[in-house]
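What follows is the residue order along each chain.
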Amino acid sequence: QKEVEQNSGPLSVPEGAIASLNCTYSDRGSQSFFWYRQYSGKSPELIMSIYSNGDKEDGRFTAQLNKASQYVSLLIRDSQPSDSATYLCAVKGWAGGGNKLTFGTGTQLKVEL
Amino acid sequence: DTGVSQDPRHKITKRGQNVTFRCDPISEHNRLYWYRQTLGQGPEFLTYFQNEAQLEKSRLLSDRFSAERPKGSFSTLEIQRTEQGDSAMYLCASDGGPSTDTQYFGPGTRLTVL
């Protein structure tokens, strides 16, 4: 079982729709959760971090965390063609140690006109 | 805040040669990380420093890889006797500022081993 799992996609949504990206993780002790966006040939760019169960909203983006289910999601409202990219879910460490990020393989999102 | 910088951005080398990459973190960040990313995969952790101390190394980091952060500022990653399997994007990230444990990534160094 991979430590962080994402559907590789591609996930295709029409412009203006809601894109829903999902991620599961195996380490119950994980404390911090991040979503990064990566355009082809570029480095990861932080979109959001989330630490507590529930929802966290930032503009068109909403991150959702459910630690009991070991599940993190990212919703993108009013999707735009510029949102087309690979979205990486990353999980940090566990209580008492470990600052490294463990990434999923990423979900490729395509927003179609 | 100029962000994380990496040099060079691209490196093409022949198998068996040594290469060295440099990373300059965000100035107030005391933690610096190296990751490697291959096509279709997420970044994989290699090693990290807190100030000048190297605190963790991945099993991915073979004896041919060495990293340093001698004065707690910039870091170098050296790969000796490169192999074709070393071809990848090498990413540097930093965190540890006063208000965040969020890692910010540099632009990466793309290594091609012929």
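Above this text sits the structure in question.
Presented here is an overview of the structure given in this document.

What counts and what doesn't
Residues numbered from 1 in each chain as written. Chains lettered and ligands numbered in written order. Predicted model: local features only at pLDDT ≥ 70, side-chain atom pairs only at ≥ 80, totals over all residues. Heavy atoms only, no water. Helix = DSSP H or I, 4+ residues; strand = E, 2+ residues; numbered from the N terminus. Rg over C-alpha atoms; globule rule 2.2 N^0.38 Å. Buried < 20%, exposed > 50% of the residue type's maximum accessible area, 1.4 Å probe, protein only. Contact = heavy atoms within 4.5 Å. Areas by Shrake-Rupley, 256 points an atom, 1.4 Å probe, with all protein chains shown as cover. Lys, Arg positive; Asp, Glu negative; His and termini not counted. Charge placed at Lys NZ, Arg CZ, Asp CG, Glu CD. Polar contact = N/O pair within 3.5 Å; in protein donor to acceptor, adjacent residues only side chain to side chain. Salt bridge = Lys/Arg side-chain N within 4 Å of Asp/Glu carboxyl O. Core = buried A, V, L, I, M, F, W, Y, C linked by side-chain atoms within 4.5 Å. Buried area = accessible area lost by both parts, 1.4 Å probe.

1. Observations concerning the overall build of chain B
Of the regular secondary structure elements, chain B holds zero helices and eleven strands. Listing the helices and strands of chain B from first to last along the sequence gives β-β-β-β-β-β-β-β-β-β-β. Against the globule reference of 13 Å for 114 residues, chain B gives a C-alpha radius of gyration of 13 Å, in line with a compact fold. In terms of overall dimensions, chain B has C-alpha extents of about 40 × 25 × 20 Å along its principal axes. Counting across all 114 residues of chain B, residues that qualify as buried make up 46%. In chain B, of all internal contacts separated by at least 6 residues, the share reaching a separation of at least 24 is 53%. Of the accessible surface of chain B, which amounts to about 5800 Å², a share of 43% is contributed by carbon and sulfur atoms. Charge centroids of chain B, computed over 14 positive and 14 negative side chains, lie 8 Å from each other.

2. Examining the environment of D24(B)
Residues and elements named next belong to chain B. Checked against the element boundaries, D24 lands in strand β3 (residues 19–24). Residue classification places D24 among the partly exposed residues on the basis of a relative accessible area of 25%. As for D24 and D101, which are separated by 77 residues in sequence, their C-alpha atoms are 18 Å apart. Apart from the residues lying within four places of it in its own chain, the contact partners of D24 are G3, V4, S5 and F74. A distance of 2.7 Å separates the side chain of D24 from the side chain of R22, its partner in a polar contact.

3. Thoughts on the pattern of salt bridges
Scanning all chains against the criterion turns up ten salt bridges over all chains. With a closest N to O distance of 3.5 Å, E57(A) and R77(A) form a salt bridge. Note that E57(A) is positioned in strand β6 (residues 54–58) and R77(A) in the loop between β8 (71–76) and β9 (85–94), a separation of 20 residues in sequence. Classification of E57(A) as exposed rests on a relative accessible area of 59%. Note that D101(B) and K92(A) form a salt bridge whose closest N and O atoms lie 3.7 Å from each other.

4. Some words on the environment of R81(B)
Among the structural elements, R81(B) can be located in the loop between β8 (75–79) and β9 (88–95). Ignoring any residue separated from it by four or fewer positions in sequence, one finds R81(B) in contact with G16(B), Q17(B), N18(B) and R64(B).

5. Considering the nonpolar core
A general tendency of soluble globular proteins is for nonpolar side chains to be buried together. Within the largest apolar cluster, 23 residues are counted, with the highest numbers of intra-cluster contacts made by W35(A), V72(A), L74(A), I76(A) and Y87(A). Those elements giving two or more residues to this core turn out to be β3 (19–25), β4 (32–38), β5 (45–50), β7 (61–66), β8, β9 and β11 (107–112) of chain A. When near neighbours in sequence (up to four residues on either side) are disregarded, V72(A) contacts L21(A), N22(A), C23(A), Y25(A), F33(A), W35(A), I50(A), Q64(A) and L65(A). Counting 19 residues, the second largest nonpolar core, distinct from the first, contains C23(B), A67(B), I79(B) and A88(B).

6. Quick look at the interface of chain A and chain B
Listed by partner, the interface residues are 19 residues for chain A and 22 residues for chain B. Where chain A abuts chain B, roughly 1500 Å² becomes buried across the two surfaces, and 50% of that area is made up of carbon and sulfur atoms. Counting across the interface, chain A meets chain B through three salt bridges. As a salt-bridge pair, E56(B) and K100(A) come within 3.6 Å of each other at their nearest N and O atoms. Where chain A packs against chain B, one counts nine residue pairs in polar contact (both at pLDDT 80 or more). Going through the elements one at a time, β4, β5, β9 and β10 (97–103) of chain A are the ones with two or more residues in the side of chain A that touches chain B. Tallying contributions element by element places β10(A) first for the side of chain A that touches chain B, with five residues.

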